[in-house]
Every structure is written in C-alpha cells, then in structure tokens.
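Below, each chain spelled out in residue letters.
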Amino acid sequence: MECIFCRIVAGEAPARRVFESEHVLAFEDIHPQAPVHVLVVPKRHVDSLFELDDKTLAGELLFAAAEVARLRSLARGFRVITNARRDGGQEVEHLHLHVVGGRRLGRMLGS
Ligand code: 5GP
Ligand code: ZN
C-alpha cells in the first residue's frame with residue numbers, strides 16, 4: 001500500500017490518533033502549522049474532495065472535525081480546510097480535512 005494515510009488508517013504507519021468513528025480517523029499533523037493541527041480522513045481511500053461521492057461520509061467527516069475542535073477546546077475559534085488537487089495545493093492524495101486552531105489565524109492558511 002503506497003498511500004501514507006491508508007497506511008496510518010491500517011496501523012502500518014505511526015500517528016498520534018485524536019478521534020475515531022466508524023468510517024473516519026483523526027490524527028495529529030506531522031508538521032503542525034498551529035498549536036492544534038489535526039487531520040481528519042476517511043478510512044477508505046478517496047483521492048480528494050473532488051472524488052467524494054458519499055453524503056453520509058461527508059457528514060461524518062465534518063462531524064469528526066467538530067468533535068476534534070471540542071476535544072481540543074477550540075471554543076475561541078478554529079478553521080477547517082481541505083486542499084483539493086494540484087491547484088488547490090494538495091500534497092497527500094487521500095482526502096483530509098485540516099482542523100487548525102489554538103492561535104489567532106490569519107485570513108488564509110498555507111501557501
Ligand atoms: P495537503 O497539502 O495535502 O493538504 O496536506 C498534507 C498534510 O499532511 C501536511 O500538513 C503534512 O504535514 C501532513 N503529512 C504528510 N505526511 C504525513 C505523515 O506521514 N503523517 C502525518 N501525521 N501527517 C503527514
Ligand atoms: Zn489512501
């Protein structure tokens with residue numbers, strides 16, 4: 001299996017897990033851009049948001065992002081981002097939501 005996030009889901013690569021539900025896993029980003037930076041991924045491989053065709057999974061992903069925000073006490077505010085495909089700046093080609101917070105965020109994140 002080549003996809004790093006599939007390997008994390010399978011337990012074949014290490015990650016600091018934050019939250020898990022039936023179809024979704026959340027874990028710490030390896031290069032955090034803020035005090036809280038957690039990635040929320042579907043357990044089955046989906047390339048990007050462009051390929052997401054499952055409304056139930058879409059809801060579970062967003063709900064997991066909200067759970068992460070609550071678990072990490074982000075009541076002051078946070079941001080949920082997904083970079084999709086090349087022009088969107090996506091580097092890992094397994095759909096993921098970034099949950100970022102713990103500091104005052106600028107108007108945009110990343111590149
Ligand atoms: P993208 O640019 O695709 O939206 O973001 C990919 C994110 O995945 C980056 O923030 C990067 O730090 C994170 N990342 C890449 N490889 C790994 C890894 O092996 N483990 C973890 N936990 N995060 C990773
Ligand atoms: Zn994958």
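Residues numbered from 1 in each chain as written. Chains lettered and ligands numbered in written order. Predicted model: local features only at pLDDT ≥ 70, side-chain atom pairs only at ≥ 80, totals over all residues. Heavy atoms only, no water.

Caption draft 1: Examining the coordination of the zinc ion (ligand 2) more closely. For the zinc ion (ligand 2), the protein coordination sphere consists of Cys-3 (SG), Cys-6 (SG), His-45 (ND1) and His-94 (ND1), at 2.1 to 2.3 Å. One way to put it: the four donor atoms around the zinc ion (ligand 2) meet at angles of 104 to 119°, and that makes the site tetrahedral. For the zinc ion (ligand 2), the single-chain donor residues occur in sequence as C-x2-C-x38-H-x48-H. Residue Cys-3 is found in the segment before helix H1 (4–9), and its partner His-45 is found in the loop between strand S3 (36–42) and helix H2 (55–71); the two are separated by 42 residues along the sequence. (Donors = N, O, S within 2.8 Å, 3.2 Å for Na, K, Ca; no water. Tetrahedral: all angles 85-135°; square planar, octahedral: opposite > 155°, others 65-115°. Helix = DSSP H or I, 4+ residues; strand = E, 2+ residues; numbered from the N terminus.)

Caption draft 2: Structural view of H2. The end-to-end C-alpha separation of H2 is 24 Å, in line with the 24 Å expected for 17 residues at 1.5 Å each. Within H2 the residues assigned to the buried category are Leu-57, Glu-60, Leu-61, Ala-64, Ala-65, Val-68 and Ala-69. Where the residues of H2 are buried, they touch strand S1 (17–20), strand S2 (24–28), S3, strand S4 (78–81) and strand S5 (97–101). Ser-73, located one to two residues past H2, shows a positive phi value of around 55°. (Expected span 1.5 Å × (residues − 1). Buried < 20%, exposed > 50% of the residue type's maximum accessible area, 1.4 Å probe, protein only. Contact = heavy atoms within 4.5 Å.)

Caption draft 3: Main features of the nonpolar core. Counting 19 residues, the largest nonpolar core has Ala-26, Val-38, Val-40, Leu-61, Val-68 and Val-99 as the members making the most contacts within it. Sorting the residues of this core by element identifies S1, S2, S3, H2 and S5 as the ones contributing at least two each. For this core, the element with the highest residue contribution is H2, accounting for six residues. For Leu-61, the residues in contact, after removing those within four places along its chain, are Val-24, Val-40, Val-41, Pro-42, Leu-52, Leu-95 and Leu-97. Formed by nine residues, the second largest nonpolar core is a distinct cluster that contains Phe-5, Cys-6, Leu-25 and Leu-39. (Core = buried A, V, L, I, M, F, W, Y, C linked by side-chain atoms within 4.5 Å.)

Function-wise, these values are silent; they only describe arrangement.
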